[in-house]
Amino acid sequence: MGRLSFLVRAHRSFFWQLRDAYSAENLQRKQLVQHTDVLDGRVDGEVARSCDVVIVGAGFAGMYMLYLARNMGLTAVVIESASGVGGTWFWNRYPGARCDVESMQYSYSFSEELQQEWHWTERYASQPEILAYANYVAKKFDLLPDIKFNTRVTRAAFQEEESRWLVSTDQGTQYQAKWCVMATGCLSAAQTPKIPGLDTFDGRIYHTGNWPHEAVSLSGKKVGVLGTGSSGIQVIPELAAQAKHLYVFQRTPNFSIPARNKPMDAEYENSWKRSYSERREKARSMPAGILCDLGDKSALAVPAEERVQEYQRRWAAGGTGFTAAFADLLKNAESNRTAAEFVRERIREVVKDPSVAELLTPVDHPIGAKRICADTRYFETFNRENVTLVDLRTNPISEVTPEGVAAGSDFYELDCLVLATGFDAMTGALSKIDIVGRQGLTLKEKWRDGPNTFLGLMSAGFPNLFIVTGPGSPSVLTNVIVAIEDNVQWIARCIAHLIEVDGRYIEATQSAEEQWMEQVRKVAEGTLYTQAKSWYLGVNIPGKPAVFMPYVGGLPTYQQICDEVAVDGYRGFSIGTQSPCVERRQVNA
Ligand code: FAD
Ligand code: N01
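Residues numbered from 1 in each chain as written. Chains lettered and ligands numbered in written order. Predicted model: local features only at pLDDT ≥ 70, side-chain atom pairs only at ≥ 80, totals over all residues. Heavy atoms only, no water.

### Details of the packing of helix H9 (residues 304-317) against helix H10 (residues 333-350)
Right, on to step 1. One can describe the packing of H9 onto H10 by two numbers: an axis separation of 11 Å at closest approach and a directional angle of 55°. On the basis of their axis angle, the class for H9 and H10 is oblique. Crossing of H9 over H10 shows right-handed handedness. Residues Arg-307, Val-308, Tyr-311, Gln-312 and Trp-315 of H9 pack against Ser-335, Thr-338, Ala-339, Phe-342, Val-343 and Arg-346 of H10.
Right, on to step 2. In the contact of H9 with H10, the residues fall into six nonpolar, three polar and two charged. (Axes fitted to C-alpha atoms, helices over the stretch in contact; angles between N-to-C directions. Helix = DSSP H or I, 4+ residues; strand = E, 2+ residues; numbered from the N terminus. Parallel < 35°, antiparallel > 145°, perpendicular 65-115°, else oblique. Left-handed = near helix turned anticlockwise from the far one by under 90°. Contact = heavy atoms within 4.5 Å. Nonpolar A, V, L, I, M, F, W, Y, C, P; charged D, E, K, R; others polar.)

### Considering the site of ligand 1
Right, on to step 1. In the vicinity of ligand 1 there are 34 residues, among which Glu-80, Thr-88, Asp-100, Tyr-106 and Val-480 approach most closely.
Right, on to step 2. At 3.0 Å from an oxygen atom of ligand 1 is found a side-chain nitrogen or oxygen belonging to Trp-91.
Right, on to step 3. Val-480 is positioned such that a nitrogen or oxygen atom in its backbone is 2.8 Å from an oxygen atom of ligand 1.
Right, on to step 4. Its free accessible area being 970 Å², ligand 1 has 95% of it covered by the protein chains.
Right, on to step 5. Mapped onto the shell around ligand 1, the elements with two or more residues apiece are helix H2 (60-71), helix H3 (88-91) and helix H15 (480-500).
Right, on to step 6. Sort the elements by how many residues they give to the shell around ligand 1 and H3 lands first, with three residues.
Right, on to step 7. Counted by class, the shell around ligand 1 contains 17 nonpolar, 13 polar and four charged residues. (Near = heavy atom within 4 Å. Polar contact = N/O pair within 3.5 Å; in protein donor to acceptor, adjacent residues only side chain to side chain. Areas by Shrake-Rupley, 256 points an atom, 1.4 Å probe, with all protein chains shown as cover.)

### Looking at the pattern of salt bridges
Right, on to step 1. Summed over the entire model, instances satisfying the criterion amount to 31 salt bridges.
Right, on to step 2. Note that Asp-486 is salt-bridged to Arg-284, the shortest N-O span being 3.0 Å. Of this pair, Asp-486 sits in helix H15 while Arg-284 sits in helix H8 (residues 276-284), and the two are 202 residues apart along the sequence.
Right, on to step 3. Arg-284 sits in the buried class, given a relative accessible area of 13%.
Right, on to step 4. Residue Lys-446 is joined to Glu-513 by a salt bridge in which the shortest nitrogen-to-oxygen separation is 2.6 Å. In this pair, Lys-446 sits in helix H14 (residues 443-446) while Glu-513 sits in helix H16 (residues 510-525), placing the two residues 67 residues apart along the sequence.
Right, on to step 5. For Lys-446, a relative accessible area of 16% gives the class buried.
Right, on to step 6. Exposure remark for Glu-513: the relative accessible area of 2% places this residue in the buried category. (Salt bridge = Lys/Arg side-chain N within 4 Å of Asp/Glu carboxyl O. Buried < 20%, exposed > 50% of the residue type's maximum accessible area, 1.4 Å probe, protein only.)

### Topic: the domain arrangement of the protein
Right, on to step 1. Segmentation of the protein into domains returns domain 1 (2-85 + 143-189 + 425-588) and domain 2 (198-419).
Right, on to step 2. On the domain 2 side, the residues contacting the 21 residues of domain 1 number 21 residues.
Right, on to step 3. In this assembly, domain 1 packs against domain 2 so that about 1500 Å² is buried in total across both faces, 59% of it on carbon and sulfur atoms.
Right, on to step 4. Sorting the residues of domain 1 by area buried against domain 2 places Leu-528, Tyr-529 and Pro-556 first, and these three jointly supply 32% of that buried surface.
Right, on to step 5. Linking domain 1 to domain 2 there are two salt bridges.
Right, on to step 6. Ranked by residue count, the leading element in the side of domain 1 that touches domain 2 is H15, at three residues.
Right, on to step 7. In the side of domain 1 that touches domain 2, the residues fall into nine nonpolar, eight polar and four charged. (Domains from an automatic or database assignment. Buried area = accessible area lost by both parts, 1.4 Å probe.)

Given below as structure tokens:
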């Protein structure tokens with residue numbers, strides 16, 4: 001055990017050496033390896049640009065992967081369908097969009113210079129500010145020349161003879177690379193529900209996950225909004241402030257905690273900047289990668305009065321740290337009920353009309369089992385004269401017509417409709433790409449009954465294809481930037497190892513993958529997460545298999561496992577020095 005922890009520490013120190021060696025302050029291109037693959041080559045008569053790594057997506061994951069790959073001396077290209085960097089924060093431009101992890105934490109930690117010089121103006125950063133930050137990072141590290149914008153990857157196929165990925169785009173371009181990194185995002189495939197007549201609507205339809213770049217004026221308009229998840233809860237107060245009348249079409253009410261956003265306090269910012277690296281390290285030791293006040297007792301282990309005081313304290317402080325009040329809120333149904341009931345009482349207090357309050361009160365799932373929301377005057381919005389809550393449970397939408405929405409026996413005339421209907425999460429962006437692995441196996445076919453990966457990082461049958469924050473990793477249950485940094489560093493280390501040992505390919509073994517998926521399933525079953533019909537389970541997408549996708553065992557445990565796997569010679573992966581089909585021919589000979 002002692003030796004293993006030593007090796008794990010040594011393995012992790014690689015990242016810090018890498019960070020230090022290639023930090024902003026020292027950004028000369030150093031060559032860890034001699035790369036030769038900058039020439040264009042011909043593939044099936046077409047010219048394909050050849051490089052070491054193709055990265056799909058220029059959100060925080062893709063940008064950091066590019067940064068590390070280039071600084072390792074590898075040639076890399078990022079392919080991005082958007083016209084700019086930022087991913088989530090490029091697309092989700094709806095009014096009210098902001099982060100619910102504090103801005104001092106929701107940022108990269110890999111460059112001390114970057115984290116010192118960037119100034120966040122609010123406790124929780126708004127979408128425009130996070131997008132500005134992404135652009136700043138891209139410029140600071142000179143990432144833009146290696147990103148192909150306005151280009152969608154349509155196909156990625158593993159060429160067995162050469163052990164290379166051939167990546168095709170909707171622009172007719174092709175890229176050939178040793179390694180392909182899918183940095184396509186967990187929440188990047190916006191989901192539009194199939195509602196009869198939706199395409200006949202005469203007014204404009206906006207999806208929160210694909211909001212227009214130009215200003216959208218809603219003043220004097222009758223606006224409908226469908227969906228009351230995190231996006232709906234953020235956009236609804238903003239729409240209500242602009243619209244002549246807002247109709248909120250709600251199927252399931254959600255738990256939300258006041259964010260209590262405020263301007264950045266200079267002393268608070270300085271206290272972080274004085275000890276950024278220590279705080280980042282502590283954050284990495286917390287289950288969600290967020291430095292927070294984590295209760296270590298059971299909610300049932302303290303007297304009722306003390307418990308309520310703790311909830312009140314957290315409610316007043318604001319933010320999603322509310323569910324960290326006690327250690328067992330997501331494990332013990334009785335403990336969870338105490339927190340859920342506290343929030344239900346607050347909703348009843350805030351919303352003046354008791355029948356509206358009742359409709360807004362979540363009763364069908366444990367608090368936190370769906371992604372907890374953070375809001376700014378969400379429940380208060382329903383006290384406004386110009387806001388009507390339409391309960392779709394009793395009055396389901398029958399159709400959309402050119403004039404508006406028919407629900408139950410009522411008709412709502414609308415000028416525009418906002419869809420806050422979420423995403424095909426975790427697998428959606430990947431399943432839109434025709435990914436073909438060894439012997440013609442497609443990822444779509446392999447994942448027909450649910451996504452199978454080893455550590456969320458690789459899937460058996462798809463050598464040299466890495467996924468950042470893939471299903472089977474903690475990803476969406478964390479401060480995602482921390483999860484991204486850890487995954488990307490692991491991938492970089494893995495590629496460095498392959499170069500060191502002259503490995504042509506690395507691939508997850510079937511048995512390691514099966515064992516890992518069993519572990520992912522088991523830990524989820526030990527929690528209350530599986531008791532909600534959430535996108536974590538994929539049940540928001542018709543026909544998608546109901547499988548709990550993220551790993552709920554916590555970031556530190558996950559990272560420890562990833563590190564141990566690596567120091568143990570990439571246990572659970574096979575590494576070959578020849579291409580898989582040459583090896584197969586040798587075995588068969
Ligand atoms: P993304 O940012 O999704 O980037 C993926 C990129 O890949 C996109 O730009 C996309 O266009 C591109 N892409 C996908 N498929 C293709 C293709 N086939 N070809 C070319 N390009 C492609 N996380 C938190 O931790 N805290 C928060 O407070 C938080 N708030 C959020 C708020 C919203 C509204 C949403 C939607 C998500 C939020 N998240 C939050 C999660 C957020 O997605 C991550 O924090 C993070 O931004 C993900 O970065 P990424 O690079 O992995 O993916
Ligand atoms: O999506 P969601 P989201 N008819 O799936 C409803 C992150 N995020 O975009 O619950 C009627 O949560 C659906 O109803 P129901 C965060 O991780 C973070 O809001 O299925 N209604 C639900 O109300 C988050 O979890 C922030 O009954 C339909 C809503 O649409 C994730 O992104 C902000 C319907 C979808 O909710 C996704 O959030 C924003 C239909 N046919 C997003 N189809 C932060 O603040 C769907 N709905 C950090």
